[in-house]
Amino acid sequence: MYTKSFWNQFVPAREFPGLAGSTEADVAVIGGGITGITTAMLLAKRGLHVVLLESMRVGGGTTSHSTGNLYSTVDKNLKQLYNKYDAEIVKKVVSSRAAAMNQIESNVHGYQVDCDYKRVPWYLYAGISENNSMIDDEYNHAMKSDVAAGWATSADIPTGFTKGVVVPAQAQFNPVKYVTGLAGAAESDNLQIYENTVVLKVDEEKDRVILETTGGLVTARYAVHATHTPKGVKVYHTVLGPYREYGIACRAGERYFPEGIFWGYYEDGRKYSIRHYDNNGERYVLVIGEPHKVGQSDDNIRAVKNLEAFASTHLGLNDVAYRWGGQHYRPADLLPYIGRESKTSNVFVATGFSTDGLVYGTLAAMIIADEITNAPNEWSEMYSAHRFTPVKSAAQFLKENINVAGEFLKVLPGMKDTSDFVNVKPGTGAIVEKDNTKIAAYRNDTGQLTLVSAVCPHMKCIVNWNNAEQTWDCPCHGSRFKTDGTVLEGPAFHALHRITVEGEDVKKEGH
C-alpha cells in the first residue's frame, strides 16, 4: 500500500487534544494544514479568539504529501496565465506569491521554526529537445512578468538536459516540521487547536456560524474552510478539477545531487518535479509526477511504477524508501478561489491551489486574515472566491463537468458489475452489485471482508478502487475514503455507510 509519505515521518510526538464539549470563538478554522495554521496564527496575533479543528493530525494531511518547494511562479507555467490574463494580472500573481514566500520566511525566523528552510534556485528544463520551445516560452513570459529568470546550463541539472531556465532565490523546507512547529509556537490563549475532531456540518446564520463536530458544537462569528476543497456541496466543485499525483523518495547514498527545485519535461510532455533532502545523514531524492483525475485510473500502481522507472533511467536511483499520493484541485480560470463565499457571507474558502498549495495556502491566510479584520489587501479582488469569470473559465468548466457527467452516467441502469464477493481477492477492492445496491467490497490480506456503500455521500457518484493507496476514490469531486468508509479528504462530510449482507438481503448501517 503506497501511503507512506516521506514527510509524515517527521510528525512530532506532541499531540493536541480533541474537542470535548461546545465552545465559542471569533473564528473557527477547519483544517490544520499550512492554510489553516497560518490563518489561525495571523488572526490570533491580531487579537481574535480562534478555534482550529483538524480531523486527523496537524500537518498530516495534504501538507504532508507535498514537495516542500516554494516558488513565485506557477505549475501550469506563465504562458498558460498569459492565455487568459494580461501582463498586469500575471505580475500581480507572481508578486503575491513572492509576498507569501516572504511571510513563510518571516514565520520561520520569527517563531524559530526548525524546518530546514533554505533559499534555492528553481529550474524549468527540457529533458528532450522536443520540449525546447516550452522553455523558450517560459523564459519570454518570465521577462514580461518581471521574473528574474536566466538561462540554465547542463552543469546545473542533475539529469538529461537540452535547454532550461533558472530563477534564483526560491526556497525549500520540510512542510510537516514547518506546520507543526508553527502550530506549537502560535498556540496561545487566543488560539486553541484541536486534533481528531471531525466537522460534520456547517450552518451559517445571520450573525454566526455553527459547526457540528464529533466533539461538540462550535459557534463563531466567522468560519474558514482551510480544507483544500470546501466541505459540503458548493458551486466551487463545478469549476475545480480534482487530481491525484504521486511521489517517491529514493535513497541517494553518496551520489552528488545539486541544490534546487527541478521541473523537467520529458516524453509526451510529461513533467516531473525533483528535489533532494538530507535528514540526519540520510540523503534522499524525491520525484513527483504522473497526475490523473481522482478515481479515474484503472491502475494507480502503474503511476508509481512509472516514477520508479524514471528515477532509475534518468537519475540512476533504484532504492525506493517511500511511495505516496497527493491531491490537488485545478481551478477553471487558473487562479485560486480565496475569500468570502459571497459578498455578505461570513464563511471563507481557500481552494483551487493546483500543485502550488504551500505558497497559495499562505497567501490565502494573508488575504482571509485581512478580510476578517477589515484590513486592505491588494490581491483580495483578484483571487475573490465569488468572482465570475465565464470567458476565462468556460473551456475548463465544460471539460470538467462533461467529465463529471460521464461519471454520473456510469451508475445508470445497465452499467452493472455482476461479480460476486468471492471474486474479491485478498488485498483488493471491487464494486459489487447485489439486490440493486452498489457495494464497495474490500478483502484484507487475512481474508476479512469489509463492505460499505459505493455511493459517495457528497453528490451520489459511485466510488472507484485505488489499488495503490487502497482507498475508495470518488471520480466526480475528489472525496476519498478508507476501506471502512471513513472520510480521508475531499468535500464529503460523512463516511460511506457500512453494509451488511444476510442471504439475499442488503442492509445499510449508519455511522
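Draft legend 1. Molecular detail of the overall build of the protein. In terms of helices and strands, the protein carries eight helices and 26 strands. The C-alpha radius of gyration computed for the protein amounts to 23 Å, which stays within 12% of the reference 24 Å derived for 511 residues, consistent with globular compactness. For the C-alpha atoms alone, the extent of the protein along its principal axes is close to 70 × 55 × 50 Å. Here the protein holds 511 residues, and 58% of them are scored as buried. In the protein, the proportion of contacts linking residues at least 24 apart, taken out of those at least 6 apart, comes to 69%. Averaging the positions of the 51 positive and the 58 negative side-chain charges in the protein gives two centres separated by 2 Å.

Draft legend 2. Up close: empty space enclosed by the protein. Counting across every chain of the model gives two cavities of 30 Å³ or more. When its volume is computed, the largest cavity comes out at roughly 40 Å³. Taken together, the elements giving at least two residues each to the lining of the largest cavity come down to helix H4 (132-144) and strand E6 (163-172). Residue composition of the lining of the largest cavity, grouped by class: seven nonpolar, one polar and one charged.

Draft legend 3. Examining helix H5 (residues 175-186) more closely. Helix length check: H5 (12 residues) gives 16 Å between terminal C-alpha atoms against 16 Å at 1.5 Å per residue, within 8%. Along H5, the residues that are buried comprise Pro175, Val176, Lys177, Tyr178, Val179, Thr180, Leu182, Ala183 and Ala186. Contacts made by the buried residues of H5 are with helix H1 (34-45), helix H3 (87-110), strand E7 (191-194), strand E13 (271-279) and helix H7 (357-372). If you check the start of H5, you find a side-chain oxygen 3.1 Å away from the backbone N of valine 176, and it comes from asparagine 174.

Draft legend 4. Spatial organisation of the pairing of strand E16 (residues 337-340). Pairing of E16 with strand E17 (residues 347-351), which is carried by four bridges, proceeds in the antiparallel orientation. For isoleucine 338, the partnering residue across the bridge sits in E17 and is alanine 350.

Draft legend 5. Structural detail: the pairing of strand E11 (residues 240-251). Most of E11 is tucked away: 11 of the 12 residues are buried. Pairing between E11 and strand E15 (residues 320-331): 11 bridges, direction antiparallel. Bridge pairing in E15 places glycine 241 opposite arginine 330. Strand direction decides the pairing type here: E11 and strand E14 (residues 282-293), joined by eight bridges, are antiparallel. Residue pairing in the sheet places arginine 244 in a bridge with histidine 292 of E14.

Criteria and cut-off values
- Residues numbered from 1 in each chain as written.
- Predicted model: local features only at pLDDT ≥ 70, side-chain atom pairs only at ≥ 80, totals over all residues.
- Heavy atoms only, no water.
- Helix = DSSP H or I, 4+ residues; strand = E, 2+ residues; numbered from the N terminus.
- Rg over C-alpha atoms; globule rule 2.2 N^0.38 Å.
- Buried < 20%, exposed > 50% of the residue type's maximum accessible area, 1.4 Å probe, protein only.
- Contact = heavy atoms within 4.5 Å.
- Lys, Arg positive; Asp, Glu negative; His and termini not counted.
- Charge placed at Lys NZ, Arg CZ, Asp CG, Glu CD.
- 1 Å grid on protein atoms, 1.4 Å probe; cavity = no way out; pocket = protein on both sides within 12 Å on 5 of 7 lines; lining within 4 Å.
- Points joined across faces, edges and corners; volume = space filled by probe spheres on them.
- Nonpolar A, V, L, I, M, F, W, Y, C, P; charged D, E, K, R; others polar.
- Expected span 1.5 Å × (residues − 1).
- Polar contact = N/O pair within 3.5 Å; in protein donor to acceptor, adjacent residues only side chain to side chain.
- Pairing = 2+ DSSP bridges.

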